[in-house]
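Working through the structure, step by step
Chain residues, written in single-letter form:
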Amino acid sequence: MTMTHGVKRHLEVEAPGSGGSGGSSTPQPADKTIKMVKVGPAKELSPLKRRSPQPKAYSPKRVCRLSPTQNENLAPTFEQEKHYVSPLKIAVVCSSNQNRSMEAHHLLQKRGYNVSSFGTGSSVKLPGVSVDKPNVYSFDVPYEEQFRDLKSKDQAFYTQNGLLNMLDRNRRIKRRPERFQENKSEFDIIITCQERVFDQVLEDVTQRGGLMSKMVHVINVEIKDNHDDATLGAFLIHELVKEICNTEDPEAEVEEILTKMESKKKQRFLYSPVFY
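Residues numbered from 1 in each chain as written. Predicted model: local features only at pLDDT ≥ 70, side-chain atom pairs only at ≥ 80, totals over all residues. Heavy atoms only, no water.

1. As for the packing of helix α6 (residues 227-245) against helix α7 (residues 250-265)
- Axis separation between α6 and α7 bottoms out at 9 Å; the angle between their running directions is 145 degrees. Of the two possible hands of crossing, α6 and α7 adopt the one that is right-handed. Only P250, V254, I257, L258, M261, K264 and K265 of α7 make contact with α6, whose side of the interface consists of L236, E239, L240, E243 and I244.
- For the contact of α6 with α7, the residue count by class is 8 nonpolar, no polar and 4 charged. (Axes fitted to C-alpha atoms, helices over the stretch in contact; angles between N-to-C directions. Helix = DSSP H or I, 4+ residues; strand = E, 2+ residues; numbered from the N terminus. Left-handed = near helix turned anticlockwise from the far one by under 90°. Contact = heavy atoms within 4.5 Å. Nonpolar A, V, L, I, M, F, W, Y, C, P; charged D, E, K, R; others polar.)

Written out as structure tokens, the structure reads:
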């Protein structure tokens, strides 16, 4: 909005004989004189207070973005890192980076951990209207686009089987699925959700050469690929991550923690330390 500073004018009503300090208080006749007093132009506002009619060139840092940016899958900045509850970097991996890994990603992120999620498959596969007709996408296709595609195909069906709700959650966490073999970040803990994925992760990390001599703990928590088991599996992964992150020496105590968790949860874990 542009404010216009014009000439201010005041109306003064003066009755004859009523203005002196020692004047009579006797009412005078009703004949009144209207006196116009002209006041000069308003003072110029300082540059900081003036509202310019010209559009301002805002700094990119001040722009409020309502849609995801193109670099949402990049590593967090230092400002974000200082809020993590643990310095350990965690990855959760399933086949398509859709259900199991994203459910755990969502929970760990809410609990304040530095977490990423991935898939190891050659493509992203989601159930279709029949078993022999899955919906197949590349890892480059954003969750938003997958959501709109399934909604246009059969909104009622994909709402009923939970895929639209799952994709809606996913697109709120990050822009698109990521393939583990194409990401060269280094992690302290990698948790897989299936034995086949566990083997693929070990193979990929081993092929990187081990030149960094940095240990990563690869643990498999077997989780069935459905919505209910993904939710239960996410809580189990969170409990496991919490135990490891709370130890003084994770490298020395991981196996002991897994043994205790196996006894407590009546579930078998696969574990292998490997070096970047």
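2. Overview of the layout of surface pockets
- If you add up the space inside the second largest pocket, you get close to 320 Å³.
- Lining of the second largest pocket is provided by 19 residues; of these, N99, K125, L126, P127 and D225 occupy positions nearest its centre.
- Secondary-structure elements contributing two or more residues to the lining of the second largest pocket are β5 (124-126) and α4 (163-173). (1 Å grid on protein atoms, 1.4 Å probe; cavity = no way out; pocket = protein on both sides within 12 Å on 5 of 7 lines; lining within 4 Å. Points joined across faces, edges and corners; volume = space filled by probe spheres on them.)

3. Observations regarding the packing of helix α3 (residues 143-160) against α4
- In the contact formed by α3 and α4, the axes pass within 9 Å of each other and the chain directions differ by 160 degrees. When the interaxial angle is binned, α3 and α4 end up roughly antiparallel. The crossing of α3 and α4 is left-handed. Across the interface between the two elements, Y143, E144, Q146, F147, L150, K151, Q155, Y158 and T159 of α3 pack against L163, L164, L167, D168, N170 and R171 of α4.
- The residue makeup of the contact of α3 with α4, split by class, is 7 nonpolar, 4 polar and 4 charged. (Parallel < 35°, antiparallel > 145°, perpendicular 65-115°, else oblique.)

4. Some words on the packing of aromatic side chains
- By the definition in use, this model includes 3 aromatic pairs.
- Ring geometry for F118 and F180: centres 5.7 Å apart, planes at 80 degrees, overall edge-to-face. With F118 in strand β4 (residues 114-119) and F180 in the loop between α4 and β7 (189-192), this residue pair connects regions lying 62 residues apart in the sequence. An identical accessibility class is assigned to F118 and F180; each is buried.
- Centroid distance F118 to F187: 5.7 Å. Interplanar angle 70 degrees. Geometry classified as edge-to-face. Taken together, the residues span a long stretch of sequence, with F118 in strand β4 and F187 in the loop between α4 and β7 at a distance of 69 residues.
- For F118, a relative accessible area of 1% gives the class buried.
- Judged by its relative accessible area of 2%, F187 is buried.
- Directly above the ring of F187 sits K89, whose terminal nitrogen or CZ lies 5.6 Å from the centroid. (Phe/Tyr/Trp six-rings, centres within 6.5 Å; stacked < 30°, edge-to-face > 60°. Buried < 20%, exposed > 50% of the residue type's maximum accessible area, 1.4 Å probe, protein only. Lys NZ or Arg CZ within 6 Å of the ring centre and 35° of its normal.)

5. Some points on the sheet that holds strand β8 (residues 215-220)
- Reading across from one edge, β4-β3-β7-β8-β9 is the order of the 5 strands in this open sheet, with mixed pairing throughout. If you trace the sheet from one side to the other, it starts and ends with β4 and β9 (270-275), each paired once. Neighbour-to-neighbour, the strand axes of the sheet open up by a mean angle of 20 degrees, direction not taken into account.
- By the bridge criterion, 6 bridges tie β8 to β9 in an arrangement that is antiparallel. Looking at β9, one finds that H217 is bridged to P273.
- Running at roughly 175 degrees to β4, helix α2 (residues 100-110) makes contact with β3 (89-94) and β4 of the sheet.
- The strands touched by helix α5 (residues 195-207) are β3, β7, β8 and β9; relative to β9, the strand with the most contacts, the crossing angle is about 10 degrees. (Pairing = 2+ DSSP bridges.)

6. Things to note about the nonpolar core
- Grouped together as the largest cluster of nonpolar side chains are 27 residues, with contacts concentrated most on I90, L108, V221, I237, L240 and V241.
- Breaking this core down by element, the ones donating at least two residues are β3, α2, β7, α6 and α7.
- In terms of residues, this core owes the most to one element, α6, which gives 7 residues.
- Among all residues touching I237, those that are not within four sequence positions of it are V92, A104, L108, I191, C193, V221 and I223. (Core = buried A, V, L, I, M, F, W, Y, C linked by side-chain atoms within 4.5 Å.)

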